[in-house]
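Examination of the molecular architecture
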Amino acid sequence: MLSCRICEATHPLAPLSSCDVCSGPLDVRYVWDGSPGALDDPRSLWSRDALLPHRDTPMPSPTPLVPAPRISAALDIDVHLKLESANPTHSFKDRMAASALAAAQGFGIETLFCASTGNLGAAVAARCAAAGLEGVILSPADTDEPELPSATYGATVFTVRGTFEDCRRLERELEHLFPWGFLEGNLHAFAVEGIKTIAYEIAEQLGWETPDAVVSPVASGTLFAKIAQGFVELADHGVVVDGPPRMYGAQPSGCPPVAAAWADERPPSRVTPNTVARSLAVGDPSYGELAIGAARMSGGSITAVPEDLIEPSTQLLAENSGVLADSAGGVAFSALVELVRSGAIAPGERVVLVVTGSGMKPSSHDSEYPTRRIDADADDFLAALGVARD
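How each quantity is defined
Sequence order sets the numbering: in each chain, residues are counted from 1 along the sequence as written. Local features are withheld for residues below a pLDDT of 70 in this predicted model, meaning they are given only at 70 or higher, and side-chain atom pairs are given and counted only at 80 or more; totals for whole chains, interfaces and linings count all residues. Based on all heavy atoms of the structure, the side-chain values leave hydrogens and waters out of the count. A helix here means a DSSP run of H or I that spans at least four residues, while a strand means a run of E at least two residues long, and both kinds are numbered starting from the N terminus. N or O atoms closer than or at 3.5 Å make up a polar contact, with two conditions inside protein: a donor-capable atom paired with an acceptor-capable one, and, for residues adjacent in sequence, both atoms drawn from side chains. Contacts between residues were defined by any pair of non-hydrogen atoms, one from each residue, lying within 4.5 Å. Each pair of aromatic rings taken from Phe, Tyr and Trp, with Trp reduced to its six-membered ring, is defined by centres within 6.5 Å and is described as stacked if the planes are under 30 degrees apart, edge-to-face if over 60, and tilted in the remaining cases. For the exposure calls, accessible area comes from a 1.4 Å probe over protein chains only, and a residue counts as buried if that area is under 20% of its type's maximum, exposed if over 50%, partly exposed in between. Consider the ring centre and the ring normal. A charge sits over the ring if Lys NZ or Arg CZ is within 6 Å of that centre and within 35 degrees of that normal. Each reported salt bridge corresponds to a side-chain nitrogen of Lys or Arg within 4 Å of a carboxyl oxygen of Asp or Glu. In this scheme, strands are said to pair when DSSP sees at least two bridges between them. Under this scheme, a helix contributes an axis fitted over its contacting stretch, all axes are lines through C-alpha atoms, and angles between N-to-C directions fall in the 0 to 180 degree range. Here the term cavity refers to a set of points on a 1 Å grid, laid over the protein atoms alone, in which a 1.4 Å probe fits but cannot get out; the term pocket refers to an open set having protein on both sides within 12 Å along at least five of seven lines, with lining residues being those that place an atom within 4 Å of a point. Grid points are joined across faces, edges and corners, and a volume is the space filled by probe spheres set on the points. Classes in brief: Ala, Val, Leu, Ile, Met, Phe, Trp, Tyr, Cys and Pro nonpolar; Asp, Glu, Lys and Arg charged; the others, Gly included, polar. A right-handed crossover is one whose linking path, passing over the helix from the first strand to the second, runs clockwise when the strands point away from the viewer. Here, expected helix span is obtained from the residue count minus one, scaled by 1.5 Å. By the definition adopted for this analysis, an angle is roughly parallel if under 35 degrees, roughly antiparallel if over 145, roughly perpendicular if from 65 to 115, and oblique otherwise. Here is the rule for handedness: rotate from the far helix to the near one, and if that takes an anticlockwise turn smaller than a right angle the crossing is left-handed, while a clockwise turn gives right-handed.

**Things to note about the side chain of Q251**
Inspection of the secondary structure assignment puts Q251 in strand β11 (residues 246–252). A distance of 3.3 Å separates the side chain of Q251 from the backbone oxygen of V218, its partner in a polar contact. Non-local contacts of Q251, meaning those with residues more than four positions away in its chain, are made with V218, A219, P256, P257, V258, A259, T303, A304, V305 and V331.

**A few points about the packing of aromatic side chains**
Here the structure, examined in full by the defined rule, presents 9 aromatic pairs. A ring pair is formed by F113 and F381, whose centres lie 6.3 Å apart and whose planes are at 70°; its orientation type is edge-to-face. Of this pair, F113 sits in strand β6 (residues 111–115) while F381 sits in helix α13 (residues 378–385), and the two are 268 residues apart along the sequence. Both rings, one in W180 and one in F381, keep their centres 6.4 Å apart while their planes meet at 70°; by these two values the pair is edge-to-face. Of the two residues, W180 sits in the loop between α5 (164–174) and β9 (181–182) while F381 sits in helix α13, which places them 201 residues apart along the sequence. Accessibility expressed as a relative area gives 12% for W180, which makes it buried. Connected via pairs of aromatic rings, a cluster forms that spans F113, F158, F178, W180, F182 and F381. We note R5 situated over the ring of Y287; from NZ or CZ to the ring centre the distance is 4.4 Å.

**Here we look at the pattern of salt bridges**
Pairs can form between side chains of opposite charge once their charged atoms are near each other. Following the criterion strictly, the structure yields 16 salt bridges and no others. D27 serves as the salt-bridge partner of R5, at 2.9 Å between the closest nitrogen and oxygen. Linking R5 in the loop between β1 (2–4) and β2 (10–11) with D27 in strand β3 (residues 26–28), this pair joins segments that are 22 residues apart in sequence. Looking at R5, the relative accessible area reads 25%, which means it is partly exposed. By relative accessible area, D27 is classed as buried at 17%.

**Describing the sheet that holds strand β8 (residues 156–161)**
Neighbouring strands of a sheet are bound in pairs by backbone hydrogen bonds; such pairs are parallel or else antiparallel. With parallel pairing, 5 strands are arranged side by side in an open sheet as β9-β6-β7-β8-β14. The sheet is open, and its two edges are formed by β9 and β14 (372–375), each paired on a single side. Summarising the sheet, β8 and β14 pair through 4 bridges and their orientation is parallel. By the bridge assignment for β14, R161 is matched with D375. The strands touched by α5 within the sheet are β6, β7 (134–140), β8, β9 and β14, with β6 carrying the most contacts at an inclination of about 145°.

**Brief notes about the sheet that holds strand β12 (residues 301–305)**
Overall, mixed pairing links the 6 strands, which are arranged β4-β5-β13-β10-β11-β12 in an open sheet. The sheet is open, and its two borders are formed by β4 (65–67) and β12, each paired with just one other strand. Strand-to-strand twist in this sheet, taken as the mean axis angle between neighbours without regard to direction, amounts to 25°. Sheet analysis places strand β10 (residues 213–217) next to β11, joined by 5 bridges and oriented parallel. By the bridge assignment for β11, P217 is matched with A250.

**Things to note about the layout of surface pockets**
Considering only enclosed or pocket space, the second largest pocket measures out at about 840 Å³ in volume. If you go around the second largest pocket, you meet 29 residues; those closest to its centre are A225, Q229, V232, E233 and L290. Looking at which element gives the most residues to the lining of the second largest pocket, the answer is helix α8 (residues 222–236), with 8 residues. A per-class count over the lining of the second largest pocket returns 16 nonpolar, 5 polar and 8 charged.

**Let's talk about the pairing of β11**
Burial analysis of β11 places 7 of its 7 residues in the buried class, the great majority of the element. Taking every second residue as pointing to the same face, both faces of β11 are buried, with R246, Y248, A250 and P252 on one and M247, G249 and Q251 on the other. Taken together, β10, α8 and β11 form a β-α-β motif whose crossover is right-handed. Pairing geometry for β11 and β12, over 5 bridges, is parallel. In the strand pairing of β12, Y248 is matched with S301.

**What about helix α10 (residues 288–298)?**
Buried residues of α10: G288, A291, I292, G293, A294, A295 and S298, and no others. Among the structural elements, α8, β11, α9 (257–264) and β12 are those in contact with the buried residues of α10. Phi turns positive, to about 85°, at G299, one or two residues after α10.

**Notes on helix α11 (residues 307–321)**
Between its first and last C-alpha atoms α11 spans 22 Å; for 15 residues at 1.5 Å apiece the expected length is 21 Å, and the two agree. Within α11, burial applies to I310, S313, T314 and L317. Contacts from the buried residues of α11 go to α1 (69–75), β5 (78–83), β11, β12, α12 (327–342) and β13 (350–355). A positive phi of about 80° marks G322, the residue just after α11.

**A short note on the side chain of S298**
Mapped onto the secondary structure, S298 falls in helix α10. Of note is the side chain of S298, whose polar atom sits 3.2 Å from the backbone oxygen of A295. Leaving out residues up to four positions away in the same chain, S298 has contacts with P245, R246 and M247.

**Some remarks on the packing of helix α2 (residues 93–107) against helix α3 (residues 119–131)**
Put simply, α2 and α3 touch, their axes get as near as 8 Å, and they point 45° apart. The orientation of α2 relative to α3 falls into the category oblique. Relative to α3, α2 is oriented so that their crossing is right-handed. Here K93, D94, M96, A97, A98, L101 and Q105 of α2 lie close against α3, whose contacting residues are N119, L120, A123, V124, R127 and A131. Tallied by class, residues from the contact of α2 with α3 come to 8 nonpolar, 2 polar and 3 charged.

This is the structure we're talking about:
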């Protein structure tokens, strides 16, 4: 079932954007009978379907968890890198796209729509191509991420004259006009559940033990909160003996709404992004409070990384691990170094650093699927499609 995060009203599993009672955000709630057999085989990775909203969800193959011996030696801890860059389109967003696709197919939806600065659009477009669904992507014109990957997969891509927030506002308006699946709207509660599988994989790859700590970049807070939720679910169902790890989040100082809220002990408020870490440039974090709650309950924290440390930290991570992460990885690595320096992470502890995306950029070439440039306006979108408003 779906449950409202505000008033806790419940709704059936259906493509819903918000609570019918109070318009609050919705989350998937799982109902268990309390028996030990709630999971068919708790230590089979693929029994994770029991902890996803749709059975037989076609998730990507598990991504590697690799030791980083040189970093471990330098920091006197046991560091492992969770390489989400090994996903089909090179970021953790493939997990969201897979879960959203399963929901869309379950509900008979034939078109998936998302606003994206790059990674999510590519993931959605690729999944739609593989399943024979239509993909529609909004990309802000002010991003330096390439528009090409989504278009190359055959998706219809619109470049919006404006920011990512302008794209999100347009997405909310279009949801009232089209019977599509919107990843930040009527499919959002289902899409984000796919992220939990990062925690499931980490536990299995460590021999059904949990690390002492997990360090992850934070944008909207969704990734951070859902990884934490995954570890809690494993502990609650007896899949791991140890409790959940401490969760440490990192944001760039040029876009720190969650880190600032953590430091000031208040709810997150909107900021204007100004950061080199483009994938973390989310000024209005929808899962900010849940991320703060995850950090607090696990004994972790959420901190801001100075902008002038991001690029050097990304390079340092590559030079000492052989992993070329995107700038979000540099943010997380810089935070890890500071956590060790401050004593928050103690010598000898086992730590997983989540590398959310690749630093390798797709090469530029002409595509037979051109993007279309529009204003952040529903009428302009409709005109580009050649559709008249009713």
